[in-house]
Amino acid sequence: MNASVGRNISVSAILIIVASLLLFLDAKARGARHILQRTEKAAELYYVTSQQEIYEIYKKANLWGARVVHLNRFMNLVDYRPPEYSRSRPFPLKVEDVRPLYEKGLDSHNWLFIASRTGKVRSVAVVLPELLFNAKKAELASHFEYRISGDTIKGHSFDLPVMVSTLDSLPIIEEPVVVNIDAGYFSNVEDPAYVAGRLKEKCPDVRMLVVSESRDEPEIPDGARLLLADFRKRWTGR
Amino acid sequence: MITRLRSNHHFMLWGMFLLGLLIRGWGLSEQPPLDDEVGAALDAANYIENGHWSSIMWEHPPLRNIVIYLSAKLFGEYSSWGLRFGSVLFGSLAIPAVGYLSYGLFQKNLTACLAAFFLCIDPLNISLSRQAFQETTTAFFIVAGVLASLHGIKRDNLLFCGLSGVLFGIAAASKWHGLFPLTVSACAYLIYPWVSGGQGGERRFSLRLLSLCAVYVAIPSVVYVAAHTPWLLRGHSLHEFANFQVFLSKAHYYHKASRYAEDYLAHRAYLWFVIPVVWNDFVFSSGRPYLNIAAGNYFIWVLTLPSGYFVVKRWVAGHRFEEGYLLAIFIFSYMPLLLTSRGIWVFNSLAVLPFAFILISYAINSLMNSGKLSLRALVIYLLFVSVISSAMYPMSTFRTLDYPWLRTFAEIYSPHYGAGR
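Rules behind the numbers
Residues numbered from 1 in each chain as written. Chains lettered and ligands numbered in written order. Predicted model: local features only at pLDDT ≥ 70, side-chain atom pairs only at ≥ 80, totals over all residues. Heavy atoms only, no water. Buried < 20%, exposed > 50% of the residue type's maximum accessible area, 1.4 Å probe, protein only. Helix = DSSP H or I, 4+ residues; strand = E, 2+ residues; numbered from the N terminus. Pairing = 2+ DSSP bridges. Contact = heavy atoms within 4.5 Å. Buried area = accessible area lost by both parts, 1.4 Å probe. Salt bridge = Lys/Arg side-chain N within 4 Å of Asp/Glu carboxyl O. Polar contact = N/O pair within 3.5 Å; in protein donor to acceptor, adjacent residues only side chain to side chain. Nonpolar A, V, L, I, M, F, W, Y, C, P; charged D, E, K, R; others polar. Phe/Tyr/Trp six-rings, centres within 6.5 Å; stacked < 30°, edge-to-face > 60°. Lys NZ or Arg CZ within 6 Å of the ring centre and 35° of its normal.

Visitor: Before we go on, may I ask you to explain the pairing of strand β7 (residues 177-182) of chain A in this structure?
Guide: Consecutive side chains along a regular strand alternate between the two faces of the sheet. Residue and element names in this part refer to chain A. Of all six residues that make up β7, six are buried, and the element is covered over most of its length. Side chains Val177, Val179 and Ile181 of β7 all project onto a buried face; the interleaved residues Val178, Asn180 and Asp182 project onto the opposite face, where all are buried too. Inspection of the sheet shows strand β2 (residues 66-71) paired to β7 by four bridges, in the parallel sense. For Val69, the partnering residue across the bridge sits in β7 and is Val179.

Visitor: Help me understand the interface of chain A and chain B in this model?
Guide: Interfaces are often sized by the amount of accessible area the parts lose when they come together. At the interface, 48 residues of chain A touch 59 residues of chain B. Summed over both sides, the interface between chain A and chain B buries roughly 4600 Å², with carbon and sulfur atoms accounting for 67% of that surface. When the area that chain A buries against chain B is broken down by residue, the three leading residues are Arg7, Phe91 and Phe144 of chain A, summing to 17%. Summed over the shared surface of chain A and chain B, the number is two salt bridges. We note a salt bridge from Arg122 of chain A to Glu240 of chain B, for which the minimum N-O separation is 2.9 Å. There are 21 residue pairs in polar contact (both at pLDDT 80 or more) connecting chain A and chain B. Broken down by secondary-structure element, the contributors of at least two residues to the side of chain A that touches chain B are α1 (3-31), α3 (99-104), α4 (111-117) and β3 (121-127) of chain A. For the side of chain A that touches chain B, a count of residues per class yields 20 nonpolar, eleven polar and 17 charged.

Visitor: What should I look at first to understand the packing of aromatic side chains in this one?
Guide: Both the distance between ring centres and the angle between the ring planes are used here to describe each pair of aromatic rings. Summed over the entire model, instances satisfying the criterion amount to 44 aromatic pairs over all chains. Centre to centre, the rings of Phe113 of chain A and Phe158 of chain A are 6.3 Å apart; their planes meet at 65 degrees, and the pair counts as edge-to-face. One end of the pair, Phe113 of chain A, is in helix α4; the other, Phe158 of chain A, is in the loop between β5 (152-157) and β6 (160-165), with 45 residues separating them in the sequence. In this pair, the class of Phe113 of chain A matches that of Phe158 of chain A, namely buried. Between Phe244 of chain B and Phe247 of chain B the ring centres are 6.3 Å apart and the planes differ by 25 degrees, which places this aromatic pair in the stacked class. Placement of both Phe244 of chain B and Phe247 of chain B in helix α13 (residues 238-253) is noted, with a separation of three residues, approximately one turn of the helix. Judged by its relative accessible area of 4%, Phe247 of chain B is buried. Within the aromatic cluster, the residues linked to one another by ring pairs are Phe113, Phe144 and Phe158 of chain A together with Trp53, Trp58, Trp231, Phe244, Phe247, Tyr253 and Tyr254 of chain B. One cation-aromatic arrangement involves Arg288 of chain B over Tyr290 of chain B; the distance from NZ or CZ to the ring centre is 4.0 Å.

Visitor: Got a minute to help me understand the pairing of β6 of chain A in this structure?
Guide: All names here are of chain A. The buried fraction of β6 is high, at six of six residues. Where β3 lies against β6, four bridges are found, and the strand directions are parallel. Residue pairing for β6: Val124 is matched across the bridge by Val162. As defined by bridge partners, β5 adjoins β6 across six bridges and the pair is classed as antiparallel. Its bridge partner lying in β6, Lys154 is registered against Met163.

Visitor: Is there a simple way to explain the pattern of salt bridges in this structure?
Guide: Side chains that differ in sign of charge can pair as their charged atoms come close. Overall, the coordinates contain 29 salt bridges over all chains when judged by the stated rule. The salt bridge involving Lys175 of chain B is made with Glu135 of chain B; its shortest N-O contact spans 2.8 Å. A residue pair is termed long-range when its members are at least 10 positions apart, and Lys175 of chain B in the loop between α9 (158-174) and α10 (179-195) and Glu135 of chain B in helix α8 (residues 135-155) qualify at 40 residues. Accessibility assignment for this pair places Lys175 of chain B and Glu135 of chain B in one class, buried. Members of the salt-bridge network, linked through shared partners, are Arg33, Arg67, Arg122 and Glu175 of chain A together with Glu240 of chain B.

On their own, these measurements won't tell you what the molecule is for.
So, in structure tokens, the structure goes:
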């Protein structure tokens, strides 16, 4: 066997091994996700009165690396870092699991960000009513974290991939998802029947649907909660 | 026997490693943790155990977390040594690595020993070796990668080139500075048979290009990705990983440091080898303040540009591969930092500094060989820079405020001064 044949074999072996390792890692990563199994009839439906409670639902469902579709008037991605991170202390340092530290700072504005920091959520598609989406588009245009393409905005909040869109511009998401729908989404009088129908088209594999009335948000009118109740009926068909 | 030991570069380089280790570890337990080091410890444990992406210096790849975690495991707790051993070890190991790289390039004991000595006593390297961050780790793996690459290229040995791919992958997984020498080494590998004056093995360009893809692209990529395994195991696909890297590159570009660092500390890379520039840290711990002023030894650093010019002239005259390789590594490691519009602070110089020191050592050695520099002058110079580094040692080890004669520096670099601006 001459040297260049040997070299050819070595190079090919390296490339094959590397490609296999990458595929293996990708498969392992996808396999690590944990989201509820699909029931025969429909997605598991949860009802909460405040957004913070959604985090508790995620926790009980033992979510890990879930993809979330989030319909609201807010993104709920206000960032948060536990104060323990920047507090000098003497050696030896007490190093603890930071997830409970993040949970201590949970509120209605940051709960989705915290769900990503604690590993429950790995990707978010935020769906805004059209009017609010246009305002958000103008707001995010100057943020390097996001890039705008037509009626979708893609970017990151820290290590969390985020997509912002309207219900119509939301692409079809084939993978299993968790959907949150907040009363705030109906503040601009969206049609519940249309939302339910369109959402089923866009997200064919919804494993959990969390309906939030956001009773702790004074700016959400009661009319929006009535529309949310209507949405719930139309979604479940009851 | 002493003469024999002196002429043995292995003995000298490992001797300097021990000296470097001593200097870097001396009184380490008394150095309080910085706020960011506390965060780095939390990041390390949580990254390994549940894939939590760093909160401290989050735009950098995650190797720091792995190094700190392993170091803490070795020492059983996040003590001063448990937290910082990785930095101390790699900061010290870089000393013989630089020496071996110099020797590999020029086969001169004096060049090897001088380069290692300059790194050994460099106050900036000492200071950053005593903090649980990624600077010394990156620098070590870059130098080790270049060393392996040099042997691989010159011997046409795929194994050494593959090893350099692994080392560059580790360097890049620590900080993206590793990508610059990786690129230069890959190009050097590609063109070596045609620029080496009749040497160098495989001359079929297509096979050489394929080999390059395997050892300088595929291997570093898989090592880089593997360092992200805990994060990937949060469910992220490789597609999401790739998108995240694009986002991180933007985060790097738009990075802003604290107001004090942006407004008050020198943050342009062109200043490094022209005037003394510093990085400083302040911490209040156990009822007293600590101030660290980390700067290079100006009397060594200032020789970089003249030495670079000297080596360029020699390379133009002789087109020696080794000189060209060293110059290219230096220039392409330095240039991106020089050209960027964002702030680049002096701690970033650690990835460039080893090559600057080799340039200086090579120039000094060449001047001595040509009789333009006497041994006596060199000894006086080395004594002088050693005294300067010794005088800077308290500043580099958080003890600036302990010595009245350092008060002037303390006043100039007081963070309160910056905060009030």
